[in-house]
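# A structural walkthrough
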Amino acid sequence: MKSSDEEDAVDAGGGDPGKPGARTFLCVVDESSELHQALRFACHRARKTGGRVALLYAIEPAEFQHWMAVRNLMEEERREQAEELLQVVSAVVQKLSGTTPVVYIREGPLKDQLMQLIAEEPDVSVLVLAAAAGSDDPGQVISHIMKNIGKLRVPVTIVPGNLTDDQIDALS
């Protein structure tokens, strides 16, 4: 079992991550409807610039703390769900960008893990997020990033969540 500050990073090949100046576009993988827009934008930018896409999935800590065995089972189930979702998302990234993404699975609160990954991983060069469509609230991650923008070492691209695929393609 990993502690909250441990991570798994998987680089299954594709692209040339060691190429000088190659950009890595980081997307946060979650269950939000706007994930599609962020992924599409990041994949098209990676393809056009010779870069690649990285995916971050943070496994939130289990809130059920009464029995260790139950908590461990819940954490194992969350891990399996994360891996299943990342397999699907990775296949989409492969198709759209032409490269296999780098995948980060980290344990702990998403906002904390995102900030730590950006600070610790020198290959990440752009954070790509999508804002929630049809809402005055852009989403918890974007709100957190905007409050901490001065602490980031990379630029942030925010894709409107209401853009169509054709609009994203034209912009990217």
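Relevant structure appears above.
Predicted model, so just to flag it, every value in this text is computed and none were measured.

## With respect to the overall build of the protein chain
What the protein chain contains, in helices and strands, is five helices and six strands. Listed by position from the N terminus, the elements making up the protein chain come as β-β-α-β-α-β-α-β-α-β-α. Partitioning the contacts of the protein chain with sequence separation of at least 6, the portion at a separation of at least 24 is 76%. Surface exposure of the protein chain reaches about 9,300 Å², of which carbon and sulfur atoms provide 51%.

## Observations regarding the packing of helix α3 (residues 110-120) against helix α4 (residues 140-147)
Orientation of α3 relative to α4, taken along the N-to-C sense of each, is 50 degrees, at an axis distance of 10 Å. The angle between α3 and α4 places the two elements in the oblique class. α4 is crossed by α3, and the crossing has right-handed handedness. Note on element contacts: α4 touches α3 through Gln140, Val141, His144 and Ile145, opposite Leu110, Lys111, Leu114 and Met115. Considered class by class, the residues forming the contact of α3 with α4 number five nonpolar, two polar and one charged.

## Looking at the pairing of strand β3 (residues 52-59)
Taken across its eight residues, β3 has eight buried, putting it largely inside the fold. Covered by surrounding structure in β3 are Arg52, Ala54, Leu56 and Ala58 together with Val53, Leu55, Tyr57 and Ile59, the residues of both alternating faces. The parallel pair strand β2 (residues 24-28) and β3 is bridged by helix α1 (residues 35-49), and the resulting crossover is right-handed.

## Description of the pattern of salt bridges
Scanning the entire structure with this criterion turns up five salt bridges. The partner of arginine 40 in a salt bridge is aspartate 169, with the nearest N and O atoms 2.8 Å apart. One end of the pair, arginine 40, is in helix α1; the other, aspartate 169, is in helix α5 (residues 165-171), with 129 residues separating them in the sequence. Overall, arginine 40 belongs to the buried group, its relative accessible area being 14%. On the accessibility criterion, aspartate 169 (22% relative accessible area) is partly exposed.

## Some remarks on the side chain of glutamine 37
In this structure, glutamine 37 sits in helix α1. In this structure the side chain of glutamine 37 is engaged in a polar contact, spanning 3.0 Å, whose partner is the backbone oxygen of glycine 161. A polar contact of 3.5 Å, which involves the side chain of glutamine 37, links it to the backbone oxygen of leucine 163. Glutamine 37 has contacts with Ala130, Val159, Pro160, Gly161, Leu163 and Ile168, leaving out every residue within four places of it along the chain.

Rules used throughout
- All residue numbers refer to position in the chain's written sequence, counted from 1.
- Given that this is a predicted model, residues contribute local features only at a pLDDT of at least 70 and side-chain atom pairs are listed and counted only at 80 or more, while totals for whole chains, interfaces and linings are drawn from all residues.
- Only hydrogens and water are removed before side-chain values are computed, so all heavy atoms of the structure are retained for them.
- Secondary structure elements follow DSSP: runs of H or I no shorter than four residues count as helices, runs of E no shorter than two count as strands, and numbering proceeds from the N terminus.
- Whether two residues are in contact is decided by their heavy atoms, any of which lying within 4.5 Å being enough.
- Surface exposure here means Shrake-Rupley accessible area, sampled with a 1.4 Å probe, where a residue is shielded only by the protein chains that are shown.
- Axis definition: a line fit to C-alpha positions, over the contact stretch in the case of helices; interaxial angles, taken between N-to-C directions, run 0 to 180 degrees.
- Note that the term roughly parallel is reserved for angles under 35 degrees, roughly antiparallel for angles over 145, roughly perpendicular for angles of 65 to 115, and oblique for everything else.
- Handedness of a helix crossing follows the sense of rotation of the near helix relative to the far helix, less than a right angle counterclockwise being left-handed and clockwise being right-handed.
- Residues are grouped as follows: Ala, Val, Leu, Ile, Met, Phe, Trp, Tyr, Cys and Pro are nonpolar; Asp, Glu, Lys and Arg are charged; all remaining types, including Gly, are polar.
- Exposure classes here rest on a 1.4 Å probe applied to the protein chains alone. A residue is buried below 20% of its type maximum, exposed above 50%, and partly exposed in between.
- Place the viewer so that the strands point away; then a crossover is right-handed whenever the path from the first strand over the helix to the second strand goes clockwise.
- For this document, the term salt bridge refers to a Lys or Arg side-chain nitrogen within 4 Å of an Asp or Glu carboxyl oxygen.
- Contacts described as polar in this section are N or O atom pairs within 3.5 Å, which, within protein, must combine one atom able to donate a hydrogen with one able to accept it, while residues neighboring in sequence count only if both atoms come from side chains.

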